[in-house]
Amino acid sequence: MLPASKSIAQPPAQTVGRAALLLRIIASSHNQSLRLVDIAKMASLDKSTAQRLLQRLVLERLAVRDPVRGYRLGPLIYELGLVALPGTNLREVSQPYLQTLAQSTGDMVFLVGRSGHESICLSRIAGNYPIQTMTRTEGDRHPLGVGAGGLAILASMSDAEIHLVLQAVEPRLQAYQTTPERILKSIDDARGRGGIAIDAGNAALDVTAIGRTVHDRGRAPVASVFVASIGDRMMDSRQKQVTRLLVDCVSSIEHVFR
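The following paragraphs examine the structure supplied in this document. Nothing here was measured: the structure is a model prediction, and the numbers come from that model.

For the protein chain, the helix and strand inventory stands at nine helices and eight strands. Relative to its length of 258 residues, the protein chain is compact, with a C-alpha radius of gyration of 20 Å against a globular reference of 18 Å. Judged by the C-alpha coordinates and their principal axes, the protein chain covers about 70 × 40 × 35 Å. For the protein chain, with 258 residues in total, the buried portion stands at 44%. Sequence separation of at least 24 residues holds for 56% of the intrachain contacts in the protein chain that already meet a minimum separation of 6. Each charge sign in the protein chain was given a centre, from 30 positive and 23 negative side chains, and these centres are 5 Å apart.

Right, here's the structure in full:
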């Protein structure tokens, strides 16, 4: 038995994993700084462990601590992100296929990417139907599981990842008038439809949206495409037609993106 004054050091891989978890939590805070106590609770860590990890992240410029407001992402995240930009830009390669989908359906088409525990709107293209649903603008962020796009991404993740995401975003779900239980039910429905996520009036009143995940070459869910229209227009028979066009669009994007 080790003396009481000594402790077992954390394995390096576990430490890296926990540090990455803290960065994901900070990134999912919707541009709001988080306090130590908030981060520790969301990561299921004791305060001393969370504080030690955060101090190191601050030292490495991966996080910044404001004495009043709390923690936010640091400048090194941005610098590393510039270097890590993929050789094939998803937004750019998707544009012609999104435009074709918008023209074919006549409805608004959105591309959203995964960013930590959130989805971020990367692109939106209007169709030619007289009524267009401007539910998102480029740069908008929402918790994963909210809306057809974020729901499609979440449904493509493992159950363990889903649990982690829902634990992190639960404090924000009340603003969207939903709960982890409702999201889990929607995930089951999406998986039952082969990965097709449908949001009927939950994310936006009287708007029905249909989404499908975009996977990278490693089959990781990195983004999604969804089509949104007024509820009266998106009846069951039309949902099937839109779904077929959506599947073709995503397949084309994945083929080029890989």
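From this point, the narrative continues.
The subject of this paragraph is the pairing of strand β8 (residues 221–230). Across the 10 residues that make up β8, a large majority, eight, are buried. Summarising the sheet, strand β3 (residues 108–115) and β8 pair through six bridges and their orientation is antiparallel. The residue bridging Phe 110 from the neighbouring strand is Phe 226, located in β8. Sheet analysis places strand β7 (residues 207–215) next to β8, joined by nine bridges and oriented antiparallel. Looking across to β8, one finds that His 215 is bridged to Pro 221.

This part is about the pairing of β3. Most of β3 is tucked away: seven of the eight residues are buried. When β3 meets strand β4 (residues 118–125), the two strands line up antiparallel, connected through seven bridges. The residue of β4 that forms the bridge with Ser 115 is Glu 118.

Rules used throughout
- Residues numbered from 1 in each chain as written.
- Predicted model: local features only at pLDDT ≥ 70, side-chain atom pairs only at ≥ 80, totals over all residues.
- Heavy atoms only, no water.
- Helix = DSSP H or I, 4+ residues; strand = E, 2+ residues; numbered from the N terminus.
- Rg over C-alpha atoms; globule rule 2.2 N^0.38 Å.
- Buried < 20%, exposed > 50% of the residue type's maximum accessible area, 1.4 Å probe, protein only.
- Contact = heavy atoms within 4.5 Å.
- Lys, Arg positive; Asp, Glu negative; His and termini not counted.
- Charge placed at Lys NZ, Arg CZ, Asp CG, Glu CD.
- Pairing = 2+ DSSP bridges.

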